[in-house]
Amino acid sequence: MVARPLIGVSTYLESGARWGVWELEAALLPAGYPRLVQRAGGLAAMLPPDDPAYAAEAVARLDGLVIAGGPDVEPVRYGAEPHPRTGPPARERDAWELALIDAALTARVPLLGICRGMQLLNVALGGTLVQHLDGHAEVVGVFGSHAVKPVPGSLYAGAVPEETTVPSYHHQAVDRLGEGLVPSAYAGDGTVEALELPSGKGWVLGVQWHPEMGEDVRVMRALVEAALGRLTR
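Worth saying up front: this structure is predicted, and the values here are computed from it rather than measured.

1. So, the pairing of strand β1 (residues 6–10)
So, step 1. The buried fraction of β1 is high, at 4 of 5 residues.
So, step 2. In this sheet, strand β4 (residues 43–47) lies alongside β1 in parallel orientation, the contact comprising 5 bridges. When the sheet's bridge partners are listed, leucine 6 is paired in β4 with leucine 43.
So, step 3. As paired elements, β1 and strand β5 (residues 64–67) share 3 bridges and run parallel to each other. Opposite valine 9, over in β5, you have valine 66 as the bridge partner.

2. Here we look at the environment of leucine 112
So, step 1. If you trace the backbone, leucine 112 turns up in strand β6 (residues 111–114).
So, step 2. The buried category is assigned to leucine 112, whose relative accessible area is 0%.
So, step 3. Expressed as a C-alpha distance, the spacing of leucine 112 and methionine 220, which sit 108 residues apart in the sequence, is 8.0 Å.

3. Some words on the packing of helix α3 (residues 91–107) against helix α4 (residues 116–124)
So, step 1. Orientation of α3 relative to α4, taken along the N-to-C sense of each, is 70 degrees, at an axis distance of 10 Å. Classed by the angle they form, the pair α3 and α4 counts as roughly perpendicular. The interaxial crossing formed by α3 with α4 has right-handed handedness. Counting all contacts with α3, which are made through Arg93, Asp94, Glu97, Leu98 and Ile101, the residues of α4 involved are Arg116, Leu120, Leu121 and Ala124.
So, step 2. Within the contact of α3 with α4, the residues separate by chemical class into 5 nonpolar, no polar and 4 charged.

4. Focus on the sheet that holds strand β12 (residues 192–196)
So, step 1. The 9 strands lie next to each other as β4-β1-β5-β6-β13-β12-β11-β8-β9, forming an open sheet whose pairing is mixed. Edge strands, defined here as strands with exactly one partner in the open sheet, are β4 and β9 (164–168). Taking the axes of each pair of neighbouring strands and ignoring which way they run, one obtains an average angle of 25 degrees across the sheet.

5. Observations regarding the environment of glutamate 81
So, step 1. One can find glutamate 81 in the loop between β5 and α3.
So, step 2. The exposure class of glutamate 81 is exposed, given its relative accessible area of 68%.
So, step 3. Along the sequence, glutamate 81 and tyrosine 156 sit 75 residues apart, while their C-alpha atoms lie 32 Å from each other.
So, step 4. Setting aside residues up to four positions removed in sequence, glutamate 81 forms contacts with Pro75 and Gln131.

6. Things to note about the pattern of salt bridges
So, step 1. One pass over the structure, following the stated rule, counts 9 salt bridges.
So, step 2. We note a salt bridge from glutamate 23 to arginine 18, for which the minimum N-O separation is 3.9 Å. Here the two residues glutamate 23 and arginine 18 agree in accessibility, since each one is exposed.
So, step 3. Arginine 91 serves as the salt-bridge partner of glutamate 74, at 3.0 Å between the closest nitrogen and oxygen.

7. A word on the side chain of glutamine 119
So, step 1. For glutamine 119, the position within the fold is in helix α4.
So, step 2. Within polar-contact distance, the side chain of glutamine 119 engages the side chain of glutamine 208 at 3.3 Å.
So, step 3. Setting aside chain neighbours within four positions, we find glutamine 119 in contact with Leu129, Gln172, Ala173 and Gln208.

8. Digging into the environment of alanine 159
So, step 1. Position of alanine 159 among the secondary structure elements: in helix α5 (residues 155–159).
So, step 2. It is 16 Å that separates the C-alpha atoms of alanine 159 and alanine 147, two residues lying 12 residues apart in sequence.

9. A short note on unusual backbone geometry
So, step 1. Backbone geometry at arginine 108 places phi at a positive 55 degrees, although glycine is not the residue there.
So, step 2. With respect to the secondary-structure elements, arginine 108 resides in the loop between α3 and β6.
So, step 3. Overall, arginine 108 belongs to the partly exposed group, its relative accessible area being 48%.
So, step 4. Even without a glycine there, the phi angle at cysteine 115 is positive, about 55 degrees.
So, step 5. Relative to the helices and strands, cysteine 115 is located in the loop between β6 and α4.

10. Focus on α3
So, step 1. With 17 residues, α3 should cover 24 Å at 1.5 Å per step; its first-to-last C-alpha distance of 24 Å lies within 8% of that length.
So, step 2. Looking one or two places after α3, you find arginine 108, whose phi comes out positive at around 55 degrees.

Definitions and cut-offs
Residues numbered from 1 in each chain as written. Predicted model: local features only at pLDDT ≥ 70, side-chain atom pairs only at ≥ 80, totals over all residues. Heavy atoms only, no water. Buried < 20%, exposed > 50% of the residue type's maximum accessible area, 1.4 Å probe, protein only. Helix = DSSP H or I, 4+ residues; strand = E, 2+ residues; numbered from the N terminus. Pairing = 2+ DSSP bridges. Axes fitted to C-alpha atoms, helices over the stretch in contact; angles between N-to-C directions. Parallel < 35°, antiparallel > 145°, perpendicular 65-115°, else oblique. Left-handed = near helix turned anticlockwise from the far one by under 90°. Contact = heavy atoms within 4.5 Å. Nonpolar A, V, L, I, M, F, W, Y, C, P; charged D, E, K, R; others polar. Salt bridge = Lys/Arg side-chain N within 4 Å of Asp/Glu carboxyl O. Polar contact = N/O pair within 3.5 Å; in protein donor to acceptor, adjacent residues only side chain to side chain. Expected span 1.5 Å × (residues − 1).

Interpretation note: all reported values are geometric properties and have no functional meaning in isolation.
Here's what the structure looks like:
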């Protein structure tokens, strides 16, 4: 039996989550993330915020890493003042996930950033963000959808070669690209919807949408296959 690669997924840390009779601080993650990893052939492990000094140790035990969606990245991380529509900072999570990204890039552990995760990957490599744009989150708390067109020859296009409609919920986007990153998909309005590092620099992809909210497993399967290749070589 071929081993299933272990895929770590970063999580929220919320001060008051409710279940049963309890309301307590909780590390949590929408179930779509681990389910997508499992459907794609991987084993899912949750990575709650921790001391960034331990990020390399955590990543060393993984075969692949997913930086999940969530709150806005604090603008100070890319040298900007907060826009009035930018959400409150999640400093502990920013620090932890930036350290995870750095560790994954250094160790060449396959890395997938989803929504916030893509934005944080861009920031980690020196890029900046558009702090507010309209049309990509139409109703608060409700996922929308729009078409995404791949860039031919890209890592993303290798997994999803055709234009597709994707689940989307974001009000921020990539502005200046981080060092070495290239766009690999666009929305119809020109928004960068996926970015990646060119081949030879490891398997690194970010997508602006939420594949965990849809039925298409191809992006996650590509990560799992890259992780499996690393595991078995």
